[in-house]
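Each chain, letter by letter, is given below.
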Amino acid sequence: MGRKLLTENINIPGIQTLEVYRHHGGYDGLKKALGMSPDAIVEEVKKSGLRGRGGAGFPTGMKWSFLAKPDGVPRHLVCNADESEPGTFKDRYMMEHIPHLLIEGMAIGSFALGANTSYIYIRGELLYVYHILQKAIDEAYAAGLLGKNIMGSGFDFDLHLHSGAGAYICGEETALIESLEGKRGNPRIKPPFPAIQGLWQRPTVVNNVESIMAVVPILKMGGDEYAKIGVGKSTGTKLISACGHINKPGVYEIELGLPVEEFIYSDEYCGGIRNGKGLKAVVAGGSSVPILPKDLILKLANGEPRLMTYESLSDGGFITGTMLGSGGFIVMDEDTSVVKNLYTFTRFYHHESCGQCSPCREGTGWMEKILHKILDGHGTLEDVDLLWDIQSKIEGKTICPLGEAAAWPVASAIRHFRNEFEEYVNNPSSIKKDNHYYRLNNISSEVA
Amino acid sequence: MNNENKLKFSDDALALSERMVNRYPEGKQKSALIPLLHIAQAEFGGWLSSDAMDYVASILKITSIEVYEVASFYSMFNLKPVGKCVIEVCHTGPCWLLGSDDIVKYIEKKLSIKAGQTTADGMFTLKTVECLASCGTAPMMQIGEKYHENLTLTKVDEIIHECKATVVEHVTHWTKKEIR
């Protein structure tokens, strides 16, 4: 049984409320932080080795230390709660069930960064979670944990919610900042980075929900203790959103370093493949990361077990590896059509492209159309090569990483499952035989 | 701004708008644009007419084009009238793996409309939407604020039946109840 730092108390009845949260040690981390110097807090986060949990994996403490501090210019901490990466639902789960953990993390982070006003940017569709968070924020204000002179420390801190309105791109930090300024979510050209010129041109740090929550146990236990969990540069625990054809979908907190095979087959986690089927493929870190076939997700190219760490999942580069990403773990059974699954992803990126950069705006649409043509039984072998060509011309040629996010799933599907594309092209009748969609037992035959 | 504009927020909506605007520093009131568009959509029948957008522009003292370019960017804002219940079925990979295509087809057949259309009685609009962070409880759909998860055809029947029996005015993401 792995250690639980974020989800330890999540099933306690009433933990959503301030009273129960405090009864279980809630806001002790903030109390401790307010007695430390801001620089000492940043140092603890650096020592912990915590890496950004939204997908990029950049060291959080280092990101904090880059924040510019010009005299007389307000600074801001912004929480990225715009969780939209297909396969990922951990932040929603955490905010819904233990909202005060986020508020406590925001207060600690804002104190460390010298930010007197901070924002939580939450995706617009999660309105019911917005209400849960607003209720928790109201409670915290009433108890003197937010507002003027919090906990008698002399530190004034206001925390506000900000609702988005449906745009995956706003999970990119500069698009999020644009959106928070009341504009279209078009990513900015960097530099300048948000640490220098972010929200309203002020120095700004944008962190994922899970990263901010992780600061609370790091402060309580100390950065060195936190860093003892995990393997190498993958320290601490990680929330994994597990979905697809598994027996036990849900959010699991794992110690980094858990073998992938154990995560998929152990009853403590995914509980194996549903309906007694075999495993075909896994997208291990949200829709953007390369898909891997069974053999490569369970083992490295050299035959050693693959582990749930940043390094092990990316071992072998994109030839035989993938990425931990956001921890959106999508499992596909032996009957799944990888091509059709890819089509849904490509349609997603086409829909979500902001349209600023031509390679992404046009390329995602072309890829969607070609995949549609193949699935319609009219594909050619040249189409498969054309798909490869288009994705290679998006990657690295856009302002933000949505271009890569759209290209990598296409490249990896062709790299590892080219035979399936060729089968669809050479023998269109095989498309119908393949399960286009997964039939639930209780979905009757009247849908056809 | 259009002087003929007859649209106006309720007192409750005006009070909420002011609270929203006050979340941002002096001179940065434009940041409240998205929250105010959510309120406008709830106040004015589930969609944003150009009059509604002009009205929001007048509250924030920004130009109308600044509102149009934002309203047209985000998928939650409807720029055309919609049914009282907008059924939003997720059809991205993780939901597709667990049967979202079947859910969409079933609702299309049941309501005799295609995705993107509204029923003749103005009761339902069916939309397919991209990932709503409910992959572990797929397939799913959203109506207004509510997530309906682990869908089966029986559940879909029940939800649609309940909408028909209980819904009187537009079910929007932000609702008039929440604005109060």
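What you see is a predicted model, and the numbers here were worked out from it, not measured in a lab.

Enquirer: Please explain the overall build of chain A as it appears in this structure.
Expert: Along chain A, the regular secondary structure elements total 19 helices and 11 strands. A compact globule built from 448 residues should have a C-alpha radius of gyration of about 22 Å, and chain A, at 22 Å, falls within 12% of that. Referenced to the eigenvectors of the C-alpha coordinate spread, the extents of chain A come out at roughly 75 × 45 × 45 Å. Split into buried and exposed, the 448 residues of chain A put 55% on the buried side. For chain A, the proportion of contacts with a sequence separation of at least 24, taken over those separated by at least 6, is 71%.

Enquirer: Honestly, the nonpolar core in this entry has me stumped. Any pointers?
Expert: As a rule of thumb, soluble globular proteins bury nonpolar side chains together. Judged by nonpolar contacts, the single largest core of 192 residues is most densely connected at A:Ala107, A:Ile108, B:Leu37 and B:Val56. Among the elements that take part in this core, helix H18 (residues 402–426) of chain A stands out by supplying 11 residues, more than any other. With sequence-adjacent residues up to four places away left out, B:Val56 is seen in contact with B:Leu36, B:Leu37, B:Ala40 and B:Val67.

Enquirer: How should I be thinking about the sheet that holds strand S2 (residues 124–129) of chain B in this particular structure?
Expert: In a beta sheet, neighbouring strands are held together by backbone hydrogen bonds and run either parallel or antiparallel to one another. Residue and element names in this part refer to chain B. Strand order in this open sheet of 4 strands is S2-S1-S3-S4, and the pairing throughout is mixed. Two strands close off the open sheet at either side, each with one partner strand: S2 and strand S4 (146–148). Along the sheet, successive strands turn relative to each other by an average axial angle of 25°, direction set aside. Strand direction decides the pairing type here: strand S3 (residues 141–143) and S4, joined by 3 bridges, are antiparallel. Note that in S4 the partner of Gln142 across the bridge is Tyr147. Its contacts with the sheet place helix H6 (residues 100–111) against strand S1 (85–90), S2 and S3, and it is angled at close to 155° to S1.

Enquirer: Where do I start with the packing of helix H5 (residues 90–97) of chain A against helix H9 (residues 209–221) of chain A in this structure?
Expert: Helix-helix packing is characterised by the crossing angle of the two axes and by the distance between the axes. Residue and element names in this part refer to chain A. Close contact between H5 and H9 brings their axes to 9 Å; oriented N to C, the two are set at 50°. Viewed along their axes, H5 and H9 adopt a mutual orientation that is oblique. Contact with H5, carried on its side by Lys90, Asp91, Met94 and Met95, involves Val209, Glu210 and Met213 of H9 and no other residues of that element. Partitioned by chemical class, the residues of the contact of H5 with H9 number 4 nonpolar, no polar and 3 charged.

Enquirer: What's the story with the interface of chain A and chain B in this structure? I'm lost.
Expert: Often, the extent of an interface is quoted as the loss of accessible area upon association of its parts. In this complex, chain A contributes 52 residues to the contact, which on the side of chain B involves 44 residues. Elements with a minimum of two residues in the side of chain A that touches chain B: helix H7 (127–142), strand S3 (158–163), helix H8 (173–180), strand S7 (237–244), strand S8 (250–255), strand S11 (328–333) and helix H15 (338–352) of chain A. Across the side of chain A that touches chain B, the residue classes break down as 22 nonpolar, 22 polar and 8 charged.

Enquirer: It is not clear to me how the pairing of strand S9 (residues 279–283) of chain A should be interpreted in this structure. Could you clarify?
Expert: Residues and elements named next belong to chain A. Of all 5 residues in S9, 5 are buried; the element is thus mostly enclosed. For S9 and S11, the ladder comprises 4 bridges, and the chain directions are antiparallel. What sits directly across from Val283, in S11, is Ile330. Here 3 bridges tie S9 to strand S10 (residues 291–293), and the two strands are oriented antiparallel to one another. Residue pairing for S10: Val282 is matched across the bridge by Leu292.

Enquirer: I'm lost on the domain arrangement of chain A in this one. Help?
Expert: Residues and elements named next belong to chain A. If you check the domain split of chain A, you get domain 1 (18–228), domain 2 (231–333) and domain 3 (338–433). Of note, the centres of domain 1 and domain 3, computed from C-alpha atoms alone, are 36 Å apart. Every contact between the two is made by 9 residues of domain 1 and, on the other side, 9 residues of domain 3. Of the residues contributing to the side of domain 1 that touches domain 3, the split by class is 6 nonpolar, 2 polar and 1 charged.

Enquirer: What's the story with the confidence of the model for chain B in this structure? I'm lost.
Expert: Any segment with low pLDDT has predicted coordinates that should not be analysed in fine detail. Here chain B averages 94 in pLDDT, and 97% of its residues register 70 or above. Across chain B, the secondary-structure element scoring lowest on mean pLDDT is helix H8 (residues 176–179) of chain B, at 78, and the one scoring highest is helix H4 (residues 64–71) of chain B, at 98.

What counts and how
- Residues numbered from 1 in each chain as written.
- Chains lettered and ligands numbered in written order.
- Predicted model: local features only at pLDDT ≥ 70, side-chain atom pairs only at ≥ 80, totals over all residues.
- Helix = DSSP H or I, 4+ residues; strand = E, 2+ residues; numbered from the N terminus.
- Rg over C-alpha atoms; globule rule 2.2 N^0.38 Å.
- Buried ≥ 20, exposed ≤ 12 C-beta atoms within 10 Å, placed from the backbone.
- Contact = placed C-beta atoms within 7 Å.
- Core = buried A, V, L, I, M, F, W, Y, C linked by C-beta atoms within 7 Å.
- Pairing = 2+ DSSP bridges.
- Axes fitted to C-alpha atoms, helices over the stretch in contact; angles between N-to-C directions.
- Parallel < 35°, antiparallel > 145°, perpendicular 65-115°, else oblique.
- Nonpolar A, V, L, I, M, F, W, Y, C, P; charged D, E, K, R; others polar.
- Domains from an automatic or database assignment.
- pLDDT = per-residue confidence, 0-100.

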